[in-house]
Amino acid sequence: MRAERILVNAGKTLAVLLLLVWSLFPIVFIITSSFKPGREIFAVPPQWLFEPTFDHYITLWQRWAVFFHGLLNSTIVTIGAAALAVVASTCAGYVYSRYSSRWLGASLLSLIAIRLIPPIVVTLPLFPIVNNLGLADTHFILSVLYATFFVSLGTVLMRTFVDQIPRELDEAASMDGATLPVILWRIIMPLAAPGIIAVAVFVVVFAWNEFLFAFIFTSTKAKTAPLVISEMIGSIEGVDWGVLFAASTIQLLPVLIFVMLMNRYLVAGLTAGATKG
Amino acid sequence: MARLKLSGVKKDFGGVEVIKGVDLDIEDGEFVVFVGPSGCGKSTLLRLIAGLEEISGGQLEIDGRVSNDVPSRDRGIAMVFQSYALYPHLTVAENMGFSLSLRKTPKAEIDRSVLQAATILKLEHLLDRKPSQLSGGQRQRVAIGRAIVREPSIFLFDEPLSNLDAALRMETRTEIAKLHRDLAATMIYVTHDQVEAMTLADKIVVLKGGVVQQVGAPMELYRNPCNAFVAGFIGSPRMNLLKVDVTSVEDGKARLAQPGLEHLVVPAGRVTAPGKALLGVRPQTLTLNPGQHQVSGTVTLVERMGPETVISIRLADGSSLLAVLPGDVEQALDANVSFSFADTDVRLFPASDLEN
Ligand SMILES: Nc1ncnc2c1ncn2[C@@H]1O[C@H](COP(=O)(O)OP(=O)(O)OP(=O)(O)O)[C@@H](O)[C@H]1O
Ligand SMILES: [Mg+2]
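Residues numbered from 1 in each chain as written. Chains lettered and ligands numbered in written order. Predicted model: local features only at pLDDT ≥ 70, side-chain atom pairs only at ≥ 80, totals over all residues. Heavy atoms only, no water.

**Observations regarding the UniProt feature "transmembrane region" (unreviewed entry) in chain A**
All names here are of chain A. Which entries qualify depends on this criterion: UniProt positions are given in the numbering used here, feature names are shortened, and annotations may be inferred rather than shown by experiment. A run of DSSP states H or I qualifies as a helix once it reaches four residues; a run of E qualifies as a strand once it reaches two. Both are numbered from the N-terminal end.
Here, UniProt's "transmembrane region" (unreviewed entry) annotation points to residues 12-32, 71-96, 103-127, 139-162, 183-208 and 241-261. Strand forms 0% of residues 71-96 and helix 100%; the C-alpha atoms that close the span are 36 Å apart. Helix makes up 100% of residues 139-162 and strand 0%. Its end C-alpha atoms lie 31 Å apart.

Have a look at this one:
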């Protein structure tokens, strides 16, 4: 019995370790490489002890100013997308939770169904329209696109959260003198905060890293950081791996920190509704 | 301060009519209690007045102004919910001051109003707590406090005491009565506890199936119930309704034919023709002393409470009859007993009253 338990525990630990290595290795590799002198990056066997250098970061700053502009664009687009998705999902989730009719039920189903279509199929035909409206290469169009991809999931998620807020709170607030927007802002949003954070995390992670749509819809003004990184790989002077890893590290960190900070709420958010009867 | 007038107010939910045309006048400063069995539409009627449900037909006037389409926030009405409905993310003080903060009242003034209400309700020491850190009774008082702070002209209460234990119910009931005296505001109170109705109300509205059965002062309803339903509903324990045969109705008097009741002649009330009828007898008017009018049966239950004794007997027709006798009475089960009553203490109702 005892031996068996130890074996099982050892197995579990091993599995967790494997998972950890599997998911952490690329991150650790990228971050450490960005501080290694160029020659040592792909050295075999890998060098775990080395003298850290900031050369790559300095080069990045000097030669790839466009990357930092890309970061700024990414930030604007990401915040815009997250704000849009959160507001739209909360409003829609509220309506689906509080009102019911045949049409609402059908539209919720279609929301989910549409999500199953590959986004590119829906999006590509939009290109000429976006162009004609003069929206190509703007932060606005990327924010709207990214938000749109998550509004269906966000709506369903937010509905679960709003469902858990007793309707009498809305009614009490409305008797206290609140209009619908005030009820949403002062009662629903604070009480559904974990859901809002969950939606925001999804959108932020996606929008920050998205490549394909950014590639299609932007060229210079609104070009996001991942596009610049890909240009580094295709650069005519040959790939400077150290600089590439430095850029990747900078690209990686904000999301990593954001997700870690929000982790607590995220777990609460994703499991909400699972236990309540 | 406000008067309220309902004329033919109706409500249907997807084709099912729940409130079937209610006419009601509520005077300024009156304490009105809605009573009735579960599902009769008390809460719905209250929510129509509050503006939380849309009125399907008829008219609601507040202070002479037709208010069917006035949003609830503009009706000058505050409501205390059965579930309290406190905002869980706000402190007690913020809960109570919420309405004022929406009106952009200066902070100092909000604090003063909140403190004033909290003092009335003995909540001063709890102002910084969240609702989850309060007991049921305290939450109830915060909910009442939130209503007071708004200084509404009409207070609505939907079974505010039903989640409290017996002692706390009585205490809070007294507080609400005092509040009504102090604020002199119009109050409408829903309950199915008829003790609350009798003790609090200036005016009781008895509802059944979305229809008003009778409106009147508590003792008026107790003494002169207009039908068997109201008779059975007001008074505790409920009035006995004996199935009797009326042999003749003359000059507003009905004569009964029943063993033990041969000599009984009672005001016919709404009974106009011989046939089946219901004879209402309050349990407290029955005595074990022999008398002219009697009902007999076998004892099925004896409850000795101390100051009074409740005895239930089964009559020949299988129905049961309850008597409340003063003092402690020893009575063997299964014995045959007769109760007598005075002919001035009974009321006659048409048998049709209890149909449907
Ligand atoms: N939103 C609604 N949709 C459909 N039917 C409803 C709705 N609200 C209430 N009803 C129906 O209306 C009737 C009256 O309900 P209401 O809640 O007013 O009863 P009540 O007298 O307050 O009962 P209780 O004493 O149990 O609280 C019930 O038959 C109920 O099923
Ligand atoms: Mg009710």
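**With respect to the interface of chain A and chain B**
Note the following rule: Only heavy atoms matter for contacts: two residues are in contact if any of them lie within 4.5 Å across the pair. Buried surface area refers to the total accessible area, computed with a probe of radius 1.4 Å, that the two partners give up upon joining, counted for both partners together. By definition here, a salt bridge exists when the distance from a side-chain nitrogen of Lys or Arg to a carboxyl oxygen of Asp or Glu is within 4 Å. What qualifies as a polar contact is a pair of N or O atoms within 3.5 Å, subject to a donor-acceptor requirement within protein and to the restriction that residues adjacent in sequence count only when both atoms come from side chains. As a working rule, the residues Ala, Val, Leu, Ile, Met, Phe, Trp, Tyr, Cys and Pro are called nonpolar, Asp, Glu, Lys and Arg charged, and the rest polar, with Gly in that last group.
Between chain A and chain B, the contact holds 16 residues from the first and 20 residues from the second. Roughly 1,700 Å² of surface becomes buried between chain A and chain B when both sides are summed, with 64% attributable to carbon and sulfur atoms. In terms of surface lost to chain B, no three residues of chain A exceed Met-175, Asp-176 and Arg-186 of chain A, which account for 42% of the buried area on that side. Applying the counting criterion to the chain A and chain B interface returns one salt bridge. Note that Glu-171 of chain A and Arg-47 of chain B form a salt bridge whose closest N and O atoms lie 2.7 Å from each other. Our count for the chain A to chain B interface comes out at nine residue pairs in polar contact (both at pLDDT 80 or more). Every element with two or more residues in the side of chain A that touches chain B is listed here: helix 8 (167-175) and helix 9 (180-191) of chain A. The dominant element in the side of chain A that touches chain B, judged by the number of residues it contributes, is helix 8 of chain A, at seven residues. By residue class, the composition of the side of chain A that touches chain B is nine nonpolar, three polar and four charged.

**A closer look at the sheet that holds strand 2 (residues 16-26) of chain B**
Keep this limit in mind: Whether two strands pair depends on DSSP finding at least two bridges between them.
The strand order across the open sheet built from four strands is 2-1-4-5 (chain B), with neighbouring strands paired in antiparallel fashion. The strands lining the two open edges of the sheet, one partner per strand, are strand 2 and strand 5 (65-66) of chain B.

**Here we look at the side chain of His-293 of chain B**
Residues and elements named next belong to chain B. Rules: Each residue is placed in one exposure class: buried if its accessible area under a 1.4 Å probe, protein chains only, is under 20% of its type's maximum, exposed if it is over 50%, and partly exposed if it falls in between.
With respect to the secondary-structure elements, His-293 resides in strand 15 (residues 293-304). Exposure remark for His-293: the relative accessible area of 4% places this residue in the buried category. Here His-293 is in contact with Gly-260, Leu-261, His-263, Leu-264, Phe-339, Ser-340, Phe-341 and Asp-343, once residues within four sequence places are set aside.

**What about the domain arrangement of chain B?**
Residues and elements named next belong to chain B. The condition that has to hold: Domain delimitation in this document rests on an assignment produced automatically or drawn from a domain database.
If you check the domain split of chain B, you get domain 1 (4-231) and domain 2 (241-354). Residue-level contacts link 11 residues of domain 1 with nine residues of domain 2. Of the roughly 740 Å² buried where domain 1 meets domain 2, counting both sides, 50% is carbon and sulfur surface. A per-residue breakdown of the area domain 1 buries against domain 2 is headed by Tyr-222, Ala-228 and Ala-231, which together make up 54% of the total. On the surface where domain 1 and domain 2 come into contact, there are zero salt bridges. Connecting domain 1 to domain 2 are four residue pairs in polar contact (both at pLDDT 80 or more). Looking at the side of domain 1 that touches domain 2, the elements with two or more residues in it are helix 7 (218-223) and helix 8 (228-233).

**Comments concerning the site of ligand 1**
Residues and elements named next belong to chain B. Cut-off, in case you're wondering: Throughout, near means a residue has at least one heavy atom within 4 Å of the molecule or strand.
Near ligand 1, the surroundings consist of Phe-13, Val-18, Ser-38, Gly-39, Cys-40, Gly-41, Lys-42, Ser-43, Thr-44, Glu-159 and His-192. Within the side chain of Lys-42, a nitrogen or oxygen atom sits 2.8 Å from an oxygen atom of ligand 1. Interatomic distance of 2.5 Å between a side-chain N/O atom of Thr-44 and an oxygen atom of ligand 1. Residue composition of the shell around ligand 1, grouped by class: three nonpolar, six polar and two charged.

**As for the confidence of the model for chain B**
Here is the rule: pLDDT: the predictor's confidence for each residue, scored from 0 to 100.
Confidence in the prediction for chain B averages 91 pLDDT; 99% of positions are at 70 or higher. At the level of chain-chain contacts, confidence expressed as ipTM amounts to 0.84, with global pTM at 0.83.

**Things to note about the environment of Arg-186 of chain A**
In this structure, Arg-186 of chain A sits in helix 9. Overall, Arg-186 of chain A belongs to the partly exposed group, its relative accessible area being 31%.

**Considering the confidence of the model for chain A**
Summarising the model, chain A shows a mean pLDDT of 87, and 95% of its residues fall at 70 or more. Segment residues 273-277 of chain A is flagged for pLDDT under 50; beyond a separation of four residues in sequence, or across chains, it makes three contacts in the model.

**Here's the deal with the pattern of salt bridges**
Evaluation of the coordinates by the stated rule reveals 14 salt bridges over all chains. The partner of Lys-203 of chain B in a salt bridge is Glu-30 of chain B, and the shortest N-O contact between them spans 3.4 Å. Separated by 173 residues along the polypeptide, Lys-203 of chain B in strand 9 (residues 203-208) and Glu-30 of chain B in the loop between strand 2 and strand 3 (31-35) bring together distant segments of the chain. As a salt-bridge pair, Lys-276 of chain B and Asp-245 of chain B come within 3.1 Å of each other at their nearest N and O atoms. Of this pair, Lys-276 of chain B sits in strand 14 (residues 275-281) while Asp-245 of chain B is found in strand 11 (residues 240-250), placing the two residues 31 residues apart along the sequence. Judged by relative accessible area, which is 31%, Asp-245 of chain B ranks as partly exposed. Each member of the salt-bridge network shares a partner with another, and the members are Glu-171 of chain A together with Arg-47 and Glu-53 of chain B.

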